[in-house]
Amino acid sequence: MPKIGNIELPDFPLLLAPMEDVSDPPFRKLCKEQGADVVYTEFISSEGLIRDAAKSVIKLDIYEKERPVGIQIFGAELDSMLQAVDIVEASNPDIIDINFGCPVKKVVCKNAGAGILRDIPLMVKLTEEIVKRTKLPVTVKTRLGWDQNSIKIVEVAERLQDVGIEAISIHGRTRVQMYKGEADWKPIAEVKNNQRMHIPVFGNGDVDTPEAAVKMRDEFGLDGAMIGRASIGYPWFFNEVKHYFKTGEHLSPPTMQERVEAARRHLQMAIDWKGEKLGVFETRRHYTNYFKGIPHFKEYRMKMVTSDAAADVFAAFDEVQEKFWDYQFA
Ligand SMILES: Cc1cc2nc3c(=O)[nH]c(=O)nc-3n(C[C@H](O)[C@H](O)[C@H](O)COP(=O)(O)O)c2cc1C
């Protein structure tokens, strides 16, 4: 069974990917309840943390019930990253994750995120110092390389392991690809097949069906799957994969009752966490997926995403539940 430091995980664990504006405490809790074995926060700026920027600091909030939880940080300045590690450690997560994969220009141009893939010695140095700084297990999330001509992930992963990381998650795309094309899991399998690798190697990118997860496990031999987009507004995905592993059969999709219940809880948790105004605003992006596929839904969706008062959104949920109570999801 794979382990991250002392954290014991089940066979082929499923990890909730770090996702900006998505992987917040309410969403992570729902994913955990639906079978995610490890959850990660969205990336948090090391510079923001050390400036005590409220927007960054609030991202450190974690619920006891979502453990094991990893807090992900990004940055390229050693001093800031080390100070950020101290701040992160004080909020007592189970794991610290370093983001070496974000492809966004404003991050990359400062050599952070995937930008660091152009400077492997710096990537290794930063990682080594972070591992030395903290007692928590450190994991890395990265991409295959900067571009197609610079894929050195086998060597990079081994060097990161040698400086002490406890697991690596690899998104099967280069920085240049951003999110285009298909994720290539072959180089990730090469990392796993490197005889010197002994830490878990988790695959990421395009695990969007239970069959894809089986393929990653059985054909590519990886230690677990990190799941991002397939879970947005669909936390049930983790259980669906696990059920398929166990039985070879697909679980029926969640009913309208279950979807409305999840949307209600999601909104309530967000309000409890951030207050009504922000809670209502930040949960909006999830509704489209919760209710995906229902015909002539626009009118209801508009109510959910344009109301500022929580009571109006809850009323829209009630209305949907009443109107579509027997809708059969495909
Ligand atoms: C909305 C969104 C936000 C993301 N934010 C982050 C992030 O904060 N940190 C990170 O390492 N990756 C981030 N990613 C990348 C995902 O973690 C993941 O690597 C990518 O979506 C591929 O996996 P998937 O095909 O399962 O979605 C983000 C992706 C999406 C779609």
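Because the structure is a prediction, the values reported are computed rather than measured. (Residues numbered from 1 in each chain as written. Predicted model: local features only at pLDDT ≥ 70, side-chain atom pairs only at ≥ 80, totals over all residues. Heavy atoms only, no water.)

Student: With reference to specific residues and values, describe the overall build of the chain.
Tutor: From N to C terminus, the chain includes 14 helices and ten strands. In terms of overall dimensions, the chain is globule-like: its C-alpha atoms have a radius of gyration of 20 Å, near the 20 Å expected for 330 residues. When burial is assessed residue by residue, the chain has 57% of its 330 residues classed as buried. Per element, the accessible surface of the chain, about 14800 Å² overall, is 50% carbon and sulfur. (Helix = DSSP H or I, 4+ residues; strand = E, 2+ residues; numbered from the N terminus. Rg over C-alpha atoms; globule rule 2.2 N^0.38 Å. Buried < 20%, exposed > 50% of the residue type's maximum accessible area, 1.4 Å probe, protein only. Areas by Shrake-Rupley, 256 points an atom, 1.4 Å probe, with all protein chains shown as cover.)

Student: Tell me about helix α8 (residues 186-193), residues and numbers included.
Tutor: Buried within α8 are the following residues: Pro187, Ile188, Ala189 and Val191. Packed against the buried residues of α8 are α7 (153-162), β8 (167-171) and β9 (201-204). (Contact = heavy atoms within 4.5 Å.)

Student: Report on the site of the ligand, specifying residues and quantitative values.
Tutor: Taken together, 17 residues sit near the ligand, with Pro18, Glu20, Asn204, Asp206 and Arg229 positioned nearest. A distance of 2.8 Å is found between a nitrogen atom of the ligand and a backbone nitrogen or oxygen belonging to Glu20. Contact distances for the ligand include 2.9 Å between an oxygen atom and a side-chain N or O atom of Lys141. Starting from 610 Å² of accessible surface for the ligand in isolation, the protein chains cover 87%. (Near = heavy atom within 4 Å. Polar contact = N/O pair within 3.5 Å; in protein donor to acceptor, adjacent residues only side chain to side chain.)

Student: Can you tell me about the pairing of strand β7 (residues 138-143), naming the residues and giving the values?
Tutor: Most of β7 sits inside the fold, with six of its six residues counted as buried. Burial along β7 is two-sided: the residues Val138, Val140 and Thr142 and Thr139, Lys141 and Arg143 are all buried. Relative to β7, strand β6 (residues 95-100) runs parallel, the two being bridged by five bridges. Bridged to Phe100 within β7 is Thr142. (Pairing = 2+ DSSP bridges.)

Student: Talk me through the environment of Phe74; I want residue IDs and the actual numbers.
Tutor: Secondary-structure assignment places Phe74 in strand β5 (residues 69-74). The buried category is assigned to Phe74, whose relative accessible area is 14%. Distance in space between the C-alpha atoms of Phe74 and Lys186 is 26 Å, their sequence separation being 112 residues. Excluding its chain neighbours within four sequence positions, the residues that come into contact with Phe74 are Phe43, Ile44, Ser45, Ser46, Met81, Asn99, Val107 and Ala112.

Student: Account for the sheet that holds strand β10 (residues 224-227), naming residues and giving values.
Tutor: A barrel is described by the order of its strands in space; here eight strands give the closed sequence β3-β4-β5-β6-β7-β8-β9-β10, paired in parallel fashion. The average angle at which neighbouring strand axes cross in this sheet is 25°, direction not considered. By the bridge criterion, four bridges tie β8 to β9 in an arrangement that is parallel. Directly across from Ile168, in β9, lies its bridge partner Val201. In this fold helix α6 (residues 120-133) packs onto β6 and β7, with an angle of close to 165° to the strand it touches most, β6. Here α8 sits on the sheet and contacts β8 and β9; the angle it forms with β9, its principal contact strand, is near 175°. (Axes fitted to C-alpha atoms, helices over the stretch in contact; angles between N-to-C directions.)

Student: Give a detailed account of the UniProt feature "domain: DUS-like FMN-binding" (unreviewed entry) in the chain, specifying residues and quantitative values.
Tutor: Here, UniProt's "domain: DUS-like FMN-binding" (unreviewed entry) annotation points to residues 15-310. Measuring from the first to the last C-alpha atom of residues 15-310 gives 31 Å, for a span that is 44% helix and 14% strand. (UniProt positions renumbered as here; feature names shortened; annotations may be inferred.)

Student: Which residues make up the pairing of β5, and what values go with them?
Tutor: For β5, the buried fraction is high: six of the six residues fall into the buried class. Neither face of β5 is open: one carries Val69, Ile71 and Ile73, the other Gly70, Gln72 and Phe74, and all of them are buried. Relative to β5, strand β4 (residues 38-45) runs parallel, the two being bridged by five bridges. Bridge pairing in β5 places Phe43 opposite Gln72. Sheet topology note: the β5/β6 ladder contains four bridges and is parallel. In the sheet register, Ile71 faces β6, and the bridge partner there is Ile96. Viewed along the sheet, the connection from β5 through helix α4 (residues 78-90) into β6 turns out right-handed. (Right-handed = clockwise from strand over helix to strand, strands pointing away.)

Student: Explain unusual backbone geometry to me, and be specific about the residues and the numbers.
Tutor: Of note, the amide linkage connecting Arg67 to Pro68 takes the cis form, showing an omega dihedral of 0°. In the Ramachandran plot, Asp21 falls in the positive-phi region, its phi being about 60° despite a non-glycine side chain. Along the polypeptide, Asp21 turns up in the loop between β3 (14-16) and α1 (25-33). Positive phi values are uncommon outside glycine, yet Met178 reaches one of about 50°. Positionally, Met178 belongs in the loop between β8 and α8.

Student: Can you break down the state of the cysteines residue by residue, with the values?
Tutor: Going through the model one piece at a time under the given rule, you end up with zero disulfides. We note that Cys109 lacks a disulfide partner, and the nearest cysteine sulfur, in Cys102, lies 11 Å from it. On the basis of relative accessible area, Cys109 is assigned to the exposed category, the value being 57%. (Disulfide = S-S within 2.5 Å.)

Student: I'd like to hear about the pattern of salt bridges, residue by residue, with values.
Tutor: Applying the stated criterion to the full structure yields 24 salt bridges. Salt-bridge contacts for Lys192 lead to Asp223; the nearest nitrogen and oxygen are separated by 3.0 Å. Here Lys192, found in helix α8, pairs with Asp223, found in the loop between α9 (210-218) and β10; they are 31 residues apart in sequence, far enough to count as distant. According to the relative accessible area criterion, Lys192 is partly exposed, its value standing at 27%. (Salt bridge = Lys/Arg side-chain N within 4 Å of Asp/Glu carboxyl O.)

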